[in-house]
Amino acid sequence: MASPQSLDGNAALADLLARTALADQRAFAEIYRRTSSHLYAVALRILGEPAAAEEVLQEAFVSVWHHAGGYTAAKSQPQTWLTSIVRNRCLDRLRRRALDTVTLTRDNDEETEIDLPAEGPSAVDLLIAGAEAHSVRACVETLEGGQKQAIALAFFQGLTHAELSRQLGEPLGTVKSWVRRGLERLKECLERGGYAR
Amino acid sequence: MNLSRPDRAARLDALAAQYALGTLSPAARRRLERLARADATVAAAINEWNLRLAPLAVGIPGIVPSPRVWEAIRQRLGLERMPSASSTPWWSSVSLWRGLALAGFALAFALGVTLLAPVAERPDERIVVVLAGQDAKPVLLVSADRGGRFLTVKAVGPLTVPADRSLELWALPTGQDPRSLGLVSASGIARIPLPSPAGIALQGSPALAISLEPAGGSPTGKPTGPVLYTGGVNNLY
């Protein structure tokens, strides 16, 4: 699935990002032309509202213009980097929306008391570089039904643990453990490189 | 409390993973963001998971955004007016093709095994296309036996078609203009005859699309209205 074409496309995108970092407007416009429909689809999928998705796309590209220099080819493919910017903005918006409109029902996430000390950044960059589309997908295929379903719904529709529990009709604890175990397995699989290329 | 303690590292990793996946509650999400601002280890763990999961989105079929988005970006950043950044017709959009090439995965992933399981037991080779709209929810199911001379179209989601318009189904051959296959009524049910067996008629067309056209279909032979639904052609055995 990672065709030579898409690899070329990624190399070209990396080059365009480098030129954008030097304030090359044409390069920036070209990045938009190449990636906006995919990124828009990602945003729309999570947010469900064209107006909100358009705003996120706009914010994301403004941010890309200002931070293109922060893209490091060694860490991820450009498409991955762009997608993660858009996804995060979508999730922020969804959660903000929830905070604004709903009187907060605690879903008792176990992460209520976190006190993590400061330490140097962990270096897992090599792993990330290898964790591109085909391998992640192959690893997802290895997940059990419930894990796969919960992770897919969360990823593609931006559901929280509590929303997943309602949607899947399963207890919160079950859903949380599907998500947690699924993510653990995904990571293990990626680190092993134990996927069919 | 030291992060090198295995239990703490695992906890951070799990939180970062759930943050990137998006399942944390709003409050937990904010707490972790606060921590990440003050702590590079937390920020790095989040970033790592963001990048690890992002490739999954590759399977989402592209949707061309309104031209006003680029216009707004251009104005906000004070960029020159450029030969439009989105002047390509939707059917030759690179992203559409990249998305569709992998849509089969996204589909199987999103629907779990429910779609594939029963089909796998059928002896005949089938062609199945799930057409989805802007929200990526399946709306129409197009299917055919590879040797059959018609496509069966069935609505699997709500369809709204203005009375004076028609839905037109197109094959999207690689590198060529769309080719009309026929019209789909507002009921979303149609049996569209093909000039040759489906396997041959759809050869070289990795995707299908539905556009909204004037009543009776596009007057030009190419899509004139907006594309409503697209889907990748999947061969099921």
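For the structure, see preceding data.
Described in the following lines is the structure provided in the data block.

Reading the values: the criteria
Residues numbered from 1 in each chain as written. Chains lettered and ligands numbered in written order. Predicted model: local features only at pLDDT ≥ 70, side-chain atom pairs only at ≥ 80, totals over all residues. Core = buried A, V, L, I, M, F, W, Y, C linked by C-beta atoms within 7 Å. Buried ≥ 20, exposed ≤ 12 C-beta atoms within 10 Å, placed from the backbone. Helix = DSSP H or I, 4+ residues; strand = E, 2+ residues; numbered from the N terminus. Axes fitted to C-alpha atoms, helices over the stretch in contact; angles between N-to-C directions. Parallel < 35°, antiparallel > 145°, perpendicular 65-115°, else oblique. Contact = placed C-beta atoms within 7 Å. Nonpolar A, V, L, I, M, F, W, Y, C, P; charged D, E, K, R; others polar. Expected span 1.5 Å × (residues − 1). Left-handed = near helix turned anticlockwise from the far one by under 90°.

A general feature of soluble globular proteins is that nonpolar side chains tend to end up buried together. Core analysis: the biggest nonpolar cluster contains 73 residues, and A:Ala43, A:Leu57, A:Val86, A:Ala154, B:Ala16 and B:Leu21 have the highest contact counts within it. Among the elements that make up this core, the one with the highest residue count is helix H2 (residues 25-47) of chain A (twelve residues). Counting 30 residues, the second-largest nonpolar core is a separate cluster that includes B:Leu151, B:Leu181, B:Ala190 and B:Ala198.

Turning to unusual backbone geometry, a few remarks are in order. Residues and elements named next belong to chain A. One non-glycine residue with positive phi stands out, namely Ala23, at about 65 degrees. Summarising the element assignment, Ala23 is placed in the loop between helix H1 (4-21) and H2. What makes Ala23 exposed here is the crowd of 12 C-beta atoms within 10 Å.

Before going further, it helps to examine the packing of helix H2 (residues 26-38) of chain B against helix H3 (residues 40-53) of chain B. All names here are of chain B. Orientation of H2 relative to H3, taken along the N-to-C sense of each, is 120 degrees, at an axis distance of 5 Å. Classified by the angle between their axes, H2 and H3 sit oblique to one another. Facing H2, whose interface residues are Leu32, Leu35 and Ala36, H3 presents Val42, Ala43 and Ile46. Its residues assigned to classes, the contact of H2 with H3 shows six nonpolar, no polar and no charged.

Attention now goes to helix H7 (residues 145-157) of chain A. All names here are of chain A. With 13 residues, H7 ought to run about 18 Å at 1.5 Å a step, and its terminal C-alpha atoms sit 17 Å apart, in line with that. Burial of H7 is extensive: eleven of the 13 residues sit out of reach of the surface. Among the residues of H7, those classed as buried are Gln147, Lys148, Gln149, Ala150, Ile151, Ala152, Leu153, Ala154, Phe155, Phe156 and Gln157. After H7 finishes, the residue Gly158 shows a positive phi value of roughly 65 degrees.

A word on the packing of H2(A) against helix H3 (residues 50-67) of chain A. Residue and element names in this part refer to chain A. Orientation of H2 relative to H3, taken along the N-to-C sense of each, is 140 degrees, at an axis distance of 9 Å. The orientation of H2 with respect to H3, classified from their angle, is oblique. You can see that H2 and H3 cross each other, and the crossing is right-handed. Along its contact with H2, which presents Phe28, Tyr32, Ser36, Leu39, Tyr40, Ala43, Leu44 and Leu47, the element H3 presents Pro50, Ala52, Ala53, Val56, Leu57, Ala60, Phe61 and Trp65. Grouping the constituent residues of the contact of H2 with H3 by class yields 15 nonpolar, one polar and no charged.

Limitation: the analysis is restricted to geometry and does not speak to function.
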